[in-house]
Amino acid sequence: MKIGISNLKGGVGKTTISQNLAVGLAHIGYKVCIVDTDRNQNSIAWVGERDNDLPNILAVGITDPKALNKMIDQLDADHDFIIIDGTPSLGEMTTRVILASDLLLIPILPSGHDIRSMQLFFERYEQAKEFKEDIPAYFFINQYSENIKLHQSTKELLGDFGIGMLETKFNRRVAYAETSITGQGVYEYNDEKAKAEVVSLTKEVLEIASQLGFL
Ligand SMILES: Nc1ncnc2c1ncn2[C@@H]1O[C@H](COP(=O)(O)OP(=O)(O)OP(=O)(O)O)[C@@H](O)[C@H]1O
Ligand SMILES: [Mg+2]
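Reading the values: the criteria
Residues numbered from 1 in each chain as written. Chains lettered and ligands numbered in written order. Predicted model: local features only at pLDDT ≥ 70, side-chain atom pairs only at ≥ 80, totals over all residues. Heavy atoms only, no water. Helix = DSSP H or I, 4+ residues; strand = E, 2+ residues; numbered from the N terminus. Buried < 20%, exposed > 50% of the residue type's maximum accessible area, 1.4 Å probe, protein only. Lys, Arg positive; Asp, Glu negative; His and termini not counted. Salt bridge = Lys/Arg side-chain N within 4 Å of Asp/Glu carboxyl O. Polar contact = N/O pair within 3.5 Å; in protein donor to acceptor, adjacent residues only side chain to side chain. Contact = heavy atoms within 4.5 Å. 1 Å grid on protein atoms, 1.4 Å probe; cavity = no way out; pocket = protein on both sides within 12 Å on 5 of 7 lines; lining within 4 Å. Points joined across faces, edges and corners; volume = space filled by probe spheres on them. Nonpolar A, V, L, I, M, F, W, Y, C, P; charged D, E, K, R; others polar. Axes fitted to C-alpha atoms, helices over the stretch in contact; angles between N-to-C directions. Parallel < 35°, antiparallel > 145°, perpendicular 65-115°, else oblique. Left-handed = near helix turned anticlockwise from the far one by under 90°. Arc of directions from axis to C-beta. Near = heavy atom within 4 Å. Areas by Shrake-Rupley, 256 points an atom, 1.4 Å probe, with all protein chains shown as cover. Sits in = over half its atoms within 2 Å of the grid points.

**Q** In this structure, what is going on with the side chain of aspartate 38? I would like to understand it.
**A** Secondary-structure assignment places aspartate 38 in the loop between strand S2 (32-36) and helix H2 (42-49). Although aspartate 38 lies buried, it forms no salt bridge, and the closest oppositely charged side chain, lysine 14, sits 6.5 Å away as judged by the N-O distance. Polar side-chain contacts of aspartate 38 include one of 3.2 Å to the side chain of threonine 87. Among all residues touching aspartate 38, those that are not within four sequence positions of it are Thr63, Asp85, Gly86, Thr87 and Pro88.

**Q** What's the story with the layout of surface pockets in this structure? I'm lost.
**A** Reported here for the largest pocket is a volume of approximately 440 Å³. Taken together, 26 residues make up the lining of the largest pocket; nearest its centre are Gly13, Thr15, Thr16, Tyr176 and Ser180. Elements with a contribution of two residues or more to the lining of the largest pocket: helix H1 (14-28), H2, strand S6 (137-144) and helix H8 (174-182). Residue contributions to the lining of the largest pocket peak at five residues, all from H8. Its residues assigned to classes, the lining of the largest pocket comprises eight nonpolar, 13 polar and five charged.

**Q** Could you clarify how one ought to interpret the packing of H1 against H2 in this entry?
**A** Helix-helix packing: each pair is described by the crossing angle between the helix axes and the interaxial distance. Look at H1 against H2: their axes get within 10 Å of each other, and the N-to-C directions meet at 40 degrees. The angle between H1 and H2 places the two elements in the oblique class. Crossing angle aside, the handedness with which H1 passes H2 is right-handed. The segment H1 lies against H2, with Thr15, Gln19 and Val23 engaging Asn42, Ser43 and Trp46.

**Q** What should I look at first to understand the pattern of salt bridges in this one?
**A** In the structure shown here, the tally under the stated rule is seven salt bridges. Put simply, glutamate 188 and arginine 50 hold a salt bridge, and the shortest N to O gap is 2.9 Å. Taken together, the residues span a long stretch of sequence, with glutamate 188 in the loop between H8 and helix H9 (192-211) and arginine 50 in the loop between H2 and strand S3 (57-61) at a distance of 138 residues. For arginine 50, a relative accessible area of 10% puts it in the buried group. The residue lysine 66 makes a salt bridge to glutamate 92 at a minimum N-O spacing of 3.2 Å. Here lysine 66 is found in the loop between S3 and helix H3 (68-76), whereas its partner glutamate 92 is found in the loop between strand S4 (81-85) and helix H4 (93-100), with 26 residues between them in sequence. The network of salt bridges with shared partners includes Lys66, Glu92 and Arg96.

**Q** Help me understand H2 in this model?
**A** Counting along an α-helix, one turn takes 3.6 residues, and residues three or four places apart therefore face a common direction. When H2 is considered as a whole, its buried residues turn out to be Ser43, Trp46 and Val47. Looking straight down H2, one finds that the buried residues subtend no more than 100 degrees of arc, so they occupy a single side. Those residues of H2 that are buried are in contact with H1, S2, S3, S4 and H8.

**Q** Would you take a moment to explain the site of ligand 1 for this structure?
**A** Looking at ligand 1, there are 17 residues lining it, with Lys14, Thr15, Thr16, Asn142 and Asn171 nearest. For ligand 1, an oxygen atom lies 3.0 Å from a polar atom in the backbone of glycine 11. Within the contact set of ligand 1, an oxygen atom lies 2.8 Å away from a side-chain nitrogen or oxygen of lysine 14. Here ligand 1 loses 78% of its free accessible area of 630 Å² to cover by the protein chains. More than half of the atoms of ligand 1 fall within 2 Å of the grid points belonging to the largest pocket.

Right, here's the structure in full:
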């Protein structure tokens, strides 16, 4: 199954979610690969830092949008999950990622600015749906704050897009930033609350995968 993590907005957590979902799935025993489509190749560097005794995750870098499909088809043969870490670049890649995904997760930060700037991404998503009707997609709130008012307005603004929202959220936690350097997922780190968030995300994604007929 191919899961795209995409948003044209930079710094919303595409890479953080890709890596932590990959770790969550790998600890269950699935064979997981991250396809890194961003020029900065963060996920490639992160895999390079992983200890040998942690579950293996392959990372493959690709920046030519025209080569994406072929690469993914090759990887699909011997992986249970391919997680596509998206790029904020305005080029063709984001449309390709959307079209290549069996499930799309769209990380967003709970701020009005970020949500309004979703329009550009949403236009891509709608264009892609002209080629492929059914592209299941969910928003994923990252760097969540307990501020209920903010959360309510986030929900209202997002409601306009007609896309569902995962129940799991990642709070803002040092663990996510730390592990981006150490090659770990927070599942492999000493923050139980962060770990619980990743367990919940993994479970929710597997439920959706099952509903969509992939498991
Ligand atoms: N929940 C979180 N708590 C704390 N820090 C976070 C969290 N999510 C992401 N970060 C940090 O925020 C920064 C941006 O996150 P990340 O690199 O995952 O975003 P991105 O969408 O992949 O960015 P880009 O568009 O540049 O690829 C990173 O330094 C990351 O460690
Ligand atoms: Mg990134």
